[in-house]
Amino acid sequence: MKILRLPCDERDVRSLKAGDAVEIHGLVVTGRDALHKFFADGGAAPRELKGAALYHCGPVAVRDGGGWRIAAAGPTTSVRENVYEPRFIAGTGVRVIIGKGGMDDATHEAMKRCGCVYVQAVGGAAALAASCVKKVLKVDHLDDFGAAEACWHLDVAGLRGVVAMDANGGSLFREVRTKSAARMARLLKGAAAWKNS
Amino acid sequence: MTAVEQLTELVRRTTSSLPGDVVRALERALGAERKGSSASVVISTILENCALAEKGKTPLCQDTGTLSFYVDEALRGKVTRKAVNRAVAEATRLGLLRRNCIDTASGRSIDDNCGEGAPAIHYCSRKGVTLLMKGGGSENMSRQYSLPDASLGAGRDMEGVRACVLDAVAKAQGYGCAPGILGVCVGGDRATGFAVAKEQLLRSLDEKPTEFESRLLADANSLGIGPMGLGGRTTLLGVKLAFRPRLPASYFVTVAYMCWACRRRTILVK
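The rules behind the values
Residues numbered from 1 in each chain as written. Chains lettered and ligands numbered in written order. Predicted model: local features only at pLDDT ≥ 70, side-chain atom pairs only at ≥ 80, totals over all residues. Heavy atoms only, no water. Helix = DSSP H or I, 4+ residues; strand = E, 2+ residues; numbered from the N terminus. Rg over C-alpha atoms; globule rule 2.2 N^0.38 Å. Buried < 20%, exposed > 50% of the residue type's maximum accessible area, 1.4 Å probe, protein only. Contact = heavy atoms within 4.5 Å. Areas by Shrake-Rupley, 256 points an atom, 1.4 Å probe, with all protein chains shown as cover. Lys, Arg positive; Asp, Glu negative; His and termini not counted. Charge placed at Lys NZ, Arg CZ, Asp CG, Glu CD. Phe/Tyr/Trp six-rings, centres within 6.5 Å; stacked < 30°, edge-to-face > 60°. Lys NZ or Arg CZ within 6 Å of the ring centre and 35° of its normal. Pairing = 2+ DSSP bridges. Axes fitted to C-alpha atoms, helices over the stretch in contact; angles between N-to-C directions. Expected span 1.5 Å × (residues − 1). Domains from an automatic or database assignment. Buried area = accessible area lost by both parts, 1.4 Å probe. Salt bridge = Lys/Arg side-chain N within 4 Å of Asp/Glu carboxyl O. Polar contact = N/O pair within 3.5 Å; in protein donor to acceptor, adjacent residues only side chain to side chain. Parallel < 35°, antiparallel > 145°, perpendicular 65-115°, else oblique. Left-handed = near helix turned anticlockwise from the far one by under 90°. Core = buried A, V, L, I, M, F, W, Y, C linked by side-chain atoms within 4.5 Å.

Our focus in this paragraph is the overall build of chain B. A count of helices and strands for chain B gives eight helices and eight strands. By the compact-globule yardstick of 18 Å for 270 residues, chain B fits well, its C-alpha radius of gyration being 19 Å. In terms of overall dimensions, chain B has C-alpha extents of about 50 × 50 × 40 Å along its principal axes. Burial status across chain B gives 58% buried among its 270 residues. Of the contacts made within chain B by residues no fewer than 6 positions apart, 80% connect residues no fewer than 24 positions apart. If you sum the accessible surface of chain B, you get close to 11100 Å²; carbon and sulfur atoms cover 53% of it. Both charge centroids of chain B, one from 37 positive and one from 27 negative side chains, sit 2 Å from each other.

Pasting the structure below:
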């Protein structure tokens, strides 16, 4: 398990390889559909994202005295942000994207160019992810985006995931897809002689 | 305890703890993966997450899913729509369920999770009350095929059924929160196909599989897709298949994809 402390610099993320299990410590900012649309329309993304992680996550946040407590914080599906992400990466200087399911080739190109990795979080493991949040540092866009879409600035300790797309072009998803497609072709050989395409 | 209180307790237990058979299957899967691999990291994270949720009686996944209640016909007078809705609204207020229901026409949140037909209630011949919670990520990976399917080379036979099931598994890579569980219905019309496929998810993984189910499971796991689609030996925890009569003109294969967070529980309402 590799330890990744945020914020970090380009060299730190370039040294990570697809397949590395990582434990993330430090600043993670949540942002999903509303933030990406806002940014694409000319709005400003949180400055703190520079060197830190963007987490595709709509947490369950509960009022706790004067502050906030995160009750659940699992990843949401990342592909919806594909159209926005290349410009978002270049514009914010974000070094890590945490999410679920991976992103497209254009996004991966931007990750390679700018020095950014994609970490697949464990989908559904929301209780454990929430327990890694040491502190809610602040929240942006609570009123205009709503609690699930707001930018929660989280100080995390030991948030776990696997580097699925690295900053040098390596992709665990692609690797697994290529292998599983080859295996599938063998499994289905002779299933029907008239298969199209 | 009133019926509403018993149903609220059912929601609390279902949302915070996985059934024993699913936990055992995950533990077996952990043993099968290479130590230190991403697959073993993912499965041990899942197990740790479940232990934490069970201890704290909190939702084990933030997507508390579509709620389906399967209610014994004989309890119709006691476990009414009103009682179920009250329990669901109360569980939502207690934070056991996320505000997870959108009025589709207006786009507004239905804050108590109760709308027309939601939660779903099925009066049936099962004993007691069973609650199944199925998240959206997995529901989006459920599929229906109509045989013959030229793109898959799937004909109207069991080899064709197998091609459909394996295709559904491959298409879920990275998205369905693997290791998953498949409920499959072969036959029926389109609507019964989805209903029956989903009902198969109520069957215990401890149940002895048929020869065909075992073959599907072994084939799917040989694809190497692995937990969260990151590679590994465990892509599925189980396959449960049922047949239904069909019209001569139709041959549907319906696959209900369930994530590892297969939250289901049964109580006997007094």
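From this point, things continue past the structure.
Looking now at the packing of aromatic side chains. This model, assessed by the stated rule, comprises four aromatic pairs over all chains. Arranged with centres 5.6 Å apart and planes meeting at 75°, the rings of Phe38(A) and Phe145(A) form a pair that is edge-to-face. Here Phe38(A), found in helix α2 (residues 33-40), pairs with Phe145(A), found in helix α6 (residues 142-145); they are 107 residues apart in sequence, far enough to count as distant. For Phe38(A), a relative accessible area of 28% gives the class partly exposed. A cation over a ring is seen here: Arg76(B) above Tyr123(B), with NZ or CZ 4.3 Å from the ring centre.

All names here are of chain B. Spatial strand order, β2-β1-β3-β8: four strands in an open sheet with mixed pairing. Of all strands in the sheet, those bounded by a partner on one side alone are β2 (120-124) and β8 (263-267). On average, adjacent strands in this sheet sit at an angle of 15° to one another, irrespective of strand direction. Here strand β3 (residues 129-134) runs beside β8; their pairing, made up of five bridges, is antiparallel. Bridge pairing links Thr-130 to Thr-266 in β8. Against the sheet, helix α1 (residues 3-16) makes contact with β1 (66-72), β3 and β8, and its axis sits at roughly 145° relative to β8, the strand it touches most.

With that settled, consider helix α3 (residues 38-56) of chain B. Along an α-helix, a turn takes 3.6 residues, which lines up residues three or four apart on a common side. The first and last C-alpha atoms of α3(B) sit 27 Å apart over 19 residues, in line with the 27 Å expected at 1.5 Å per residue. Considered for burial, the residues of α3(B) that qualify are Ser38(B), Ala39(B), Ser40(B), Val41(B), Val42(B), Ile43(B), Thr45(B), Ile46(B), Leu47(B), Asn49(B), Cys50(B) and Ala53(B). Where the residues of α3(B) are buried, they touch β2 (21-30), α5 (126-131), β9 (151-165) and α7 (172-187) of chain A together with α1 and α2 (20-32) of chain B. Positioned one or two residues after α3(B), Lys57(B) has a phi angle of 50°, which is positive.

Many analyses report the size of an interface as the accessible area lost when the parts associate. Residues and elements named next belong to chain B. What the domain assignment lists for chain B is domain 1 (3-135 + 263-267) and domain 2 (137-258). If you average the C-alpha positions of domain 1 and of domain 2, the two centres end up 22 Å apart. Of the residues lining the interface, 26 residues belong to domain 1; the matching set on domain 2 comes to 24 residues. In total, domain 1 and domain 2 occlude about 1900 Å² of area from one another, counting both sides; carbon and sulfur atoms represent 59% of this. For the pair domain 1 and domain 2, the number of links is two salt bridges. Linking Asp-206 and Arg-24 is a salt bridge whose minimum nitrogen-to-oxygen distance equals 2.6 Å. The interface formed by domain 1 and domain 2 holds 13 residue pairs in polar contact (both at pLDDT 80 or more) in total.

Now for the pairing of β3(B). Residue and element names in this part refer to chain B. β3 sits mainly inside the fold: six of its six residues count as buried. Side-chain alternation along β3 places Val-129, Leu-131 and Met-133 on one buried face and Thr-130, Leu-132 and Lys-134 on a second face that is also buried. Where β1 lies against β3, six bridges are found, and the strand directions are antiparallel. The residue of β3 that forms the bridge with Val-71 is Val-129.

We now examine the packing of helix α3 (residues 85-92) of chain A against helix α4 (residues 105-114) of chain A. Residue and element names in this part refer to chain A. At a minimum axis separation of 8 Å, α3 and α4 run at an interaxial angle of 15°. Here α3 lies roughly parallel to α4, going by the angle between them. In this structure, the crossing between α3 and α4 has a hand that is right-handed. Where α3 abuts α4, its residues Glu-85, Pro-86, Ile-89 and Ala-90 lie against Ala-106, Thr-107, Ala-110, Met-111 and Cys-114.

Of the positions making up helix α7 (residues 190-199) of chain B, those classed as buried are Gly193(B), Val196(B), Ala197(B) and Lys198(B). Where α7(B) is buried, its residues touch β1, β3, β4 (143-146), β5 (180-187), β6 (236-244) and β7 (252-258) of chain B.

Residues Tyr118(A), Val22(B), Leu26(B), Ile181(B), Leu230(B), Leu237(B) and Trp260(B) are the most contacted members of the largest nonpolar core, which totals 61 residues. Broken down by element, this core gets its largest block of residues, six residues, from α3(B). For Leu237(B), the residues in contact, after removing those within four places along its chain, are Val22(B), Ala25(B), Leu26(B), Ala29(B), Pro179(B), Gly180(B), Ile181(B), Leu205(B) and Leu217(B). One finds Leu152(B), Ala168(B), Val184(B) and Tyr251(B) within the second-largest nonpolar core, a separate group that totals 32 residues.

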